[in-house]
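A structural walkthrough
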Amino acid sequence: KLVATTEKPTSASFVIDRAPTATVVTAAGGTYTGSSIGGSAKVTGVNNLDQTLVVSYVGIEGTDYASSTTAPTEAGKYRATATYDQTTNYLTSSGSREFTIGQADAHVTFSGLTGQVYNGTAKSVTAATTPADLDGLSLSYDGSATAPTNAGSYIVAATLTNNNYKLVGTTQ
């Protein structure tokens with residue numbers, strides 16, 4: 001025997017929300033070495049989400065470095081950023097860390113400070129840098145870029161204009 005029913009099934013909407021994620025970027029910075037100095041990034045979340053992410057770098061506060069996934073080498077200030085894109089089960093998250101690559105130390109050694117005798121021509125001092133052959137070294141004599149001609153005592157100063165190195169000492 002068939003029984004007819006007039007009951008209608010009822011339904012309701014059932015939603016499972018995407019899980020939150022956390023993206024952490026690490027970048028410690030360091031001192032200029034000529035090699036890349038960068039960081040790393042990781043995203044974590046429920047259900048064992050634990051992935052390494054690609055890090056992007058950009059120069060900040062006057063450092064000229066266009067956005068790139070290649071870690072910088074030059075002295076300056078940078079921001080490292082990583083983003084985990086939203087998926088079917090997880091929400092997006094981003095993280096960033098600012099870091100500095102500091103200038104390395106340089107020294108200058110003067111030669112020719114003594115033993116020069118007046119003969120009517122300019123007398124200059126030579127200077128060498130450690131590390132060798134750094135760009136941006138200039139000398140001045142009592143504040144002038146022109147080497148002196150006359151007999152006398154002069155103060156010789158070295159100035160280093162180099163983004164990656166700072167002058168920290170002199171030897172004679």
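In what follows, the structure referred to is the one given above.
What counts and what doesn't
- Residues numbered from 1 in each chain as written.
- Predicted model: local features only at pLDDT ≥ 70, side-chain atom pairs only at ≥ 80, totals over all residues.
- Heavy atoms only, no water.
- Phe/Tyr/Trp six-rings, centres within 6.5 Å; stacked < 30°, edge-to-face > 60°.
- Helix = DSSP H or I, 4+ residues; strand = E, 2+ residues; numbered from the N terminus.
- Buried < 20%, exposed > 50% of the residue type's maximum accessible area, 1.4 Å probe, protein only.
- Core = buried A, V, L, I, M, F, W, Y, C linked by side-chain atoms within 4.5 Å.
- Contact = heavy atoms within 4.5 Å.
- Pairing = 2+ DSSP bridges.
- Axes fitted to C-alpha atoms, helices over the stretch in contact; angles between N-to-C directions.

**Quick look at the packing of aromatic side chains**
Counted by the stated rule, this structure contains 5 aromatic pairs. A centroid spacing of 5.4 Å and a plane angle of 75° characterise the contact between tyrosine 32 and tyrosine 165, whose relative ring orientation is edge-to-face. Here tyrosine 32, found in the loop between strand S2 (30-31) and strand S3 (40-45), pairs with tyrosine 165, found in strand S12 (residues 165-171); they are 133 residues apart in sequence, far enough to count as distant. Across the pair, exposure class does not vary: tyrosine 32 and tyrosine 165 are buried alike. Aromatic rings pair up to connect Tyr57, Tyr65, Tyr78 and Phe99 into one cluster.

**Comments concerning the nonpolar core**
Ala80, Phe99 and Tyr165 are the most contacted members of the largest nonpolar core, which totals 24 residues. Counting only elements with at least two residues in this core, the list comes to S3, strand S4 (49-53), strand S6 (76-84), strand S7 (93-102) and strand S8 (104-111). Sort the elements by how many residues they give to this core and S6 lands first, with 4 residues. In this view, tyrosine 165 contacts Tyr32, Gln103, Ala104, Asp105, Ala106, Pro131, Leu134 and Leu160; residues no more than four positions away in its chain are not counted. Core analysis: the next-biggest nonpolar cluster, separate from the first, contains 7 residues, Phe110, Val125, Ala147 and Ala158 among them.

**Things to note about the sheet that holds strand S5 (residues 56-60)**
One open sheet accounts for 4 strands, arranged S2-S7-S6-S5; its pairing is mixed. Each edge of the open sheet carries a strand with a single partner, namely S2 and S5.

**Here's the deal with the sheet that holds strand S9 (residues 126-130)**
Pairing within the open sheet is mixed, and its 3 strands lie in the order S9-S8-S12. Of all the strands in the sheet, just S9 and S12 have a single pairing partner and so form its edges. Shown here is a sheet whose adjacent strand axes are inclined to one another by a mean of 30°, direction ignored. The pairing of S8 with S12 spans 6 bridges and is classified as parallel. Residue pairing for S12: threonine 109 is matched across the bridge by threonine 171.

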